[in-house]
Every structure is written in C-alpha cells, then in structure tokens.
Amino acid sequence: MGCLIELLENAYFHCLHYVVNKRLRKVERLFWALWAILAIVGAIFLVTISVDTFYSTKASIRVRTDYLDFTAPFPAIFFCEEKEIKGKFEEMLKHLKFNLTDRQSALDIENFVRAASFIRPLDRAMPQRICDNPQKDYCRFITAYGQDLSLFANHIRAGCKEIFTSCTFNGVEFDCCERFLPVGTYEGKCFVVNSYNAFIENNLLNGSVEAQYGSLRRGQKIGALRHDAALNPANLSVELAHTDLSVWYMGNTNIPTKMYQKHNHLHERRFREFRTADIHLRVLVASPDNSLLKLEVKRRNCKLSQEAQSLRSFKVYSNSACEVECIKQAQLELCGCYIHLLPSENDLLNKQCNISGLNCVSQALEIRKYLAKCICISNCLLIDVSLIGIVPNFEYDNDIRLRNNKSKKRVNFITRAPTVQYVRHANQEFLDFIVSIGGAISLFIGCSCLTVAQIVYYFLVKPLVERHHPKH
C-alpha cells in the first residue's frame, strides 16, 4: 500500500496526487478521486474502440495520385474448345485400332467420347448407354477404354496449331503457339495469352507475381503483351481455323470458372455469330500497397498471388483458382475421384474418375452444398476486365480477306490502358494503432512511457533496492 501511495504522490498521472494529498479536505480528495475514475473508464473505453477498429477495419481501394508513368498488362484471353474438329473421332478410332461393325454403336461411342472430353465439373448428367450385350461394339469399347477417360480428351481435343492460324499484336505478327499457352481450367485445357498461371505452368515466370509485376507490365522476358505508356489502343488480332470455341477475357491472375461465366465469357453460340469482329474491353487495375503486405490475411481480406499454399493445382492465387480447387476437393471427398479434365498434379493422377466415378460426380448434389461452405476471397492484385461491346462486321464478311488461307474467323481484342491507377492499402497500420492508443491514454489520464517506467520503479525496482541496499 505504501508503494501505491508513494507512486500516486510522485507519478506523472495528472491530478492523481491530489487523491492522496493529506493537506486537502476529504471532499476535495473525493472530487479528484471521482474524476480520476471517470478518466480511467474513458481511457479504457477509447482504447477498446481503437483495438476493435484496428482488427475489424479491412483494406480499402483508393485512387493513386503519386505516379507519373503507368502501364498495365493486356488482359488474359482464353480460348476453350467446346466441340471437336470434324474427323477427330475417326482419327482416334484409327489410332486405337478399334474396328466398328455397328452403326448405332458408332453413334453411341461418339456421343460418349464427346461427353467425356467436354464435360463440365458441375454438369448434372453424363450421357451413357447401358451395356446389355458384351459382344456389341459399344460394350467392347467401354470395357477396353472406360477406365482412362483422359485418353479421349487427349485424342479428341485440338492442339494449338489446329486452332490458331495467325496472330498479331498492334500490327506485329507473332507465333500464336509461343504466346497462347496451354493451361488447366474449369473447362479442361484451354489456350491463353497473358495468364500468370500459364507463365508459371510453362516455366516462364519464377517468384511471386507481385515481385515480378514490374517486368510483367513492361512485357520483359516472358513475352507478356502490354499497353504502351502513350495510352494508344492495344489490338490483339487472332485468326482461327477452329470456330467451336468459347472465349474468356479475364484478369491475368484468374482462370475460367463458373463464377465468371456470366460476365467474362463469350459462349460458343455467340462466338459463331460473326466471321470477323472487334471486341472492345476495359481494364481496371488495383495493385497492393506496401502497407498491405504487412497485414494478416484476415485483416486485409485478400490474398497475395504467392499465397497459394492452400491450392494444389495452381501456383498463383485467385478466387477463381480457389473455386476450381474447391470443386476438385468436393469431388474427391464425396466420390473418391475428380473429373479428369480438371487441373491435376502427378500424385493425384490415379484419383481421376472412371465411368462409375463420373456418374457419382455428376449426380452428387452434395457437391453444391460443399461449395457453398468454401470461402474464396479475392486476390490483392485486382485486375478487372469488362466488356464494352462487340462490333461484328456482318455486311462485308464476304469481302474481308483473312491473313491465312486456313482461317475461318478473325477476332480483334481492343483495349486502352487504364488512365487511373488504383491501389489497395491498409486503412490503419500498426504504428497508427499505437498512436491512437497512446493518444487515448494521454488524453484521459496523461500517461506516457515515463509513467510506465515510474510504475515499474515504485513497485519493483525501489523495493528490491531498499531490501538489498538499505540506507545506513
């Protein structure tokens, strides 16, 4: 008790010495004691609010105003096959040396192979005929090849050179298959330009996307397409020999998946409506600020591109990659296998579904319930791509000369570099948190670091010194 009285008499707490000052009347000391209690309660209340604000306030996006030169990467453009090239089925049968004797079985086998090669992870039904006679062609084929469904996709789905005939960027021609890289997606293997996942999957990018973002924007080393600093429109012109395709236009960290199907997707039926067209896109970029990198995931409410530890099939985090991973995990948990078209890693190749597994996956309604519980937050590097409009050239289609004789369609993807740069930043850093707490305590009870030192001195240092070194 003596230590407390001595502390109050000499401490840097404002007015607390009046409480223990014996020269004052009891009413005066009571007055100061009440005010001291109110001040302490007020300080505790304000500190509680500061702590709650610090841990509940998420990162936000604001316009960046301290840049002079800013260029953004061209969007990621995906081409995903929806139907095989004519004659592919016959080529597959020839390669497998499988002879058909029954025309109806041939149609059944073709329908089954097509469905297995282009099935979507959340399709409800897998068309399949019941084998009632083991001697029929259909039953012989299913028995021989039904355990490895990826075999069909490898034979049926087109390669890069079968799809693309000519590519230019801002009028400069380039080899399509050097820039359009294969990547695993929700729709199976697609070909994409300017995808960070494709760069890493094809060993063209090392390290984190954030660390490489400057070189990605400048298009260095990895062959990334970019906007120029003069804000001129960028034009990616692609000619195609195969037209049964769907097109996805997305941010460079994302991949095609169901969540983007309504807003970033041109379905194959829409894509076939024109022979040549200009597709105008708008790009917005919000890059993470350095202050954001110090925050934990819960506080910033987003993940950095390199924080893909929870994803087995992707090296770059995005909410779309997370969704595909959730679909895969749901299928593995409920059916013990996953659809063979989903991205795979070597140690899970033996977990790809056969026919019975495919039937389980297509009929498991619990998969959608599982996905509802899956939380996929956004990437801190936000690259939003939206469609402005499509300008088809219907009237003069017959007069337009394509660059390659094998070309059946030309599509021009036209974008302008964003004129405004956004940044995702922490609303309150740890230093701001310390300052707010210090301000609250100082406002109500006048404390400082020296006050803490006084408390330690009077309750610990001084008693120890007096005990071991008494005054004589």
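Please read all numbers here as calculations on a predicted model, not as lab measurements. (Residues numbered from 1 in each chain as written. Predicted model: local features only at pLDDT ≥ 70, side-chain atom pairs only at ≥ 80, totals over all residues. Heavy atoms only, no water.)

Undergrad: Describe the overall build of the protein chain, and please don't skip the residues or the numbers.
TA: Of regular secondary structure, the protein chain possesses 18 helices and 13 strands. Across the 472 residues that make up the protein chain, the buried fraction comes to 49%. Once local pairs closer than 6 in sequence are excluded, the contacts in the protein chain between residues at least 24 apart make up 77%. Of the roughly 25,200 Å² of accessible surface on the protein chain, 54% is carried by carbon and sulfur atoms. (Helix = DSSP H or I, 4+ residues; strand = E, 2+ residues; numbered from the N terminus. Buried < 20%, exposed > 50% of the residue type's maximum accessible area, 1.4 Å probe, protein only. Contact = heavy atoms within 4.5 Å. Areas by Shrake-Rupley, 256 points an atom, 1.4 Å probe, with all protein chains shown as cover.)

Undergrad: Quick rundown of helix α3 (residues 88–96)? Include the residues and the values.
TA: Among the residues of α3, those classed as buried are K88, F89, M92, L93 and L96. Along the long axis of α3, the arc covered by the buried residues comes to 140°, so they all point the same way. Residues E91, K94 and H95 are exposed on α3 and point more than 90 degrees away from its buried face. Against the buried residues of α3 lie α4 (103–118), α5 (137–145), α6 (150–156) and α7 (160–163). Once α3 ends, the next one or two residues include K97, with phi positive near 55°. (Arc of directions from axis to C-beta.)

Undergrad: How would you sum up the packing of α4 against α5? Please name residues and give values.
TA: The contact between α4 and α5 brings their axes to 8 Å, and the two run at 35°. Between α4 and α5, the contacting residues are S105, D108, I109, F112 and V113 on the first element and D137, Y138, F141 and I142 on the second. Here the residues of the contact of α4 with α5 are counted per class, giving 6 nonpolar, 1 polar and 2 charged. (Axes fitted to C-alpha atoms, helices over the stretch in contact; angles between N-to-C directions. Nonpolar A, V, L, I, M, F, W, Y, C, P; charged D, E, K, R; others polar.)

Undergrad: Give me the nonpolar core: which residues, what numbers.
TA: Counting residues in each nonpolar core, the largest one holds 66 residues, and the members touching the most others are F78, M92, V113, F141 and F152. Within the second largest apolar cluster, 32 residues are counted, among which are A158, V238, V247 and A277. (Core = buried A, V, L, I, M, F, W, Y, C linked by side-chain atoms within 4.5 Å.)

Undergrad: Describe the pairing of strand β8 (residues 245–250), listing the residues and the values that go with them.
TA: Of all 6 residues in β8, 6 are buried, a share of seventy percent or more. Of the two faces of β8, the one lined by L245, V247 and Y249 and the one lined by S246, W248 and M250 are each fully buried. With 6 bridges connecting them, strand β2 (residues 76–81) and β8 associate as antiparallel partners. From the neighbouring strand, E81 faces β8, where its bridge partner is L245. (Pairing = 2+ DSSP bridges.)

Undergrad: How would you sum up the state of the cysteines? Please name residues and give values.
TA: Inspection of the entire model under this criterion finds 8 disulfides. For C302, the disulfide goes to C380, at an S-S distance of 2.0 Å. Taking the sign of the S-S torsion, 95° for the link of C302 and C380, the bridge is right-handed. Remark: C380 occurs in the loop between α16 (366–372) and β11 (382–392) and C302 occurs in the loop between α13 (297–300) and α14 (319–335); sequence separation between them is 78 residues. The burial state of C302 is the same as that of C380; both residues are buried. (Disulfide = S-S within 2.5 Å.)

Undergrad: Residues and numbers for the layout of surface pockets, please.
TA: Estimates place the volume of the largest pocket at around 450 Å³. Residue assignment for the lining of the largest pocket shows that the elements contributing at least two residues are α6, β5 (181–185) and β6 (188–193). Grouping the constituent residues of the lining of the largest pocket by class yields 8 nonpolar, 8 polar and 3 charged. (1 Å grid on protein atoms, 1.4 Å probe; cavity = no way out; pocket = protein on both sides within 12 Å on 5 of 7 lines; lining within 4 Å. Points joined across faces, edges and corners; volume = space filled by probe spheres on them.)

Undergrad: Account for a nonpolar patch on the surface, with residues named and values stated.
TA: A grouping of L30, L34, I37 and V41 is seen on the molecular surface, where their side chains present a nonpolar patch of about 380 Å² in accessible area. Following the sequence through the fold, V41 ends up in helix α2 (residues 26–56). (Patch = residues over 30% accessible without salt bridge, like charges linked within 9 Å, V, L, I, M, F, W, Y side chains within 5 Å. Salt bridge = Lys/Arg side-chain N within 4 Å of Asp/Glu carboxyl O.)

Undergrad: Describe empty space enclosed by the protein, with residues and values.
TA: Going through the model one piece at a time under the given rule, you end up with 2 cavities of 30 Å³ or more. Taken as a whole, the second largest cavity encloses approximately 40 Å³ of empty space. Lining of the second largest cavity is provided by F79, C80, E81, R157, A158, I163, K189, C190 and F191. Those elements giving two or more residues to the lining of the second largest cavity turn out to be β2 and β6. In terms of residue class, the lining of the second largest cavity is made up of 6 nonpolar, no polar and 3 charged.

Undergrad: Residue-level account of the pattern of salt bridges, with values.
TA: In this structure the tally under the stated criterion is 6 salt bridges. The residue K88 makes a salt bridge to E162 at a minimum N-O spacing of 2.9 Å. Placement of K88 in helix α3 and of E162 in helix α7 is noted, with a sequence separation of 74 residues between them. With a relative accessible area of 34%, E162 lands in the partly exposed category.

Undergrad: Explain the confidence of the model for the protein chain residue by residue, including any values.
TA: Averaged over all residues, the pLDDT of the protein chain is 78; the fraction at 70 or higher stands at 78%. Predicted confidence for residues 210–222 stays below pLDDT 50, and this span has 28 contacts to residues more than four positions away or in other chains. (pLDDT = per-residue confidence, 0-100.)

Undergrad: An account of the side chain of K88 is requested, with residue identities and associated values reported.
TA: Classification of K88 as buried rests on a relative accessible area of 9%. Polar contacts involving the side chain of K88 include one to the side chain of E162, which spans 2.9 Å. When residues no more than four places from it in sequence are discounted, the contact partners of K88 are H155, I156, R157, A158 and E162. (Polar contact = N/O pair within 3.5 Å; in protein donor to acceptor, adjacent residues only side chain to side chain.)

Undergrad: Which residues make up the sheet that holds β8, and what are the values?
TA: Reading across the sheet, the 5 strands line up as β5-β6-β2-β8-β9 and stay open at both edges, with antiparallel pairing between neighbours. If you trace the sheet from one side to the other, it starts and ends with β5 and β9 (265–266), each paired once.

Undergrad: Mind laying out the packing of aromatic side chains, listing which residues take part and the relevant values?
TA: Each aromatic ring pair is described using two quantities: the centre-to-centre distance and the angle formed by the ring planes. As enumerated under the stated definition, the model contains 13 aromatic pairs in all. Ring centres of F74 and F169 lie 5.4 Å apart, and the angle between their planes is 85°; this geometry places the pair in the edge-to-face category. One end of the pair, F74, is in the loop between β1 (60–63) and β2; the other, F169, is in strand β3 (residues 164–169), with 95 residues separating them in the sequence. The class for F74 is buried, based on a relative accessible area of 0%. Judged by its relative accessible area of 11%, F169 falls in the buried class. Taking the centre distance of 5.3 Å and the plane angle of 80° together, the rings of F98 and F141 count as edge-to-face. Of this pair, F98 sits in the loop between α3 and α4 while F141 is found in helix α5, placing the two residues 43 residues apart along the sequence. We classify F98 as buried; its relative accessible area is 10%. The rings of F98, F112, Y138, F141, Y145 and F152 are connected pair by pair, giving a single aromatic cluster. Across from the ring centre of F174, 5.1 Å away, lies the NZ or CZ of R179, which sits over that ring. Stacked on the ring of Y338, the Lys or Arg K328 has its end atom at 4.6 Å from the ring centre. (Phe/Tyr/Trp six-rings, centres within 6.5 Å; stacked < 30°, edge-to-face > 60°. Lys NZ or Arg CZ within 6 Å of the ring centre and 35° of its normal.)

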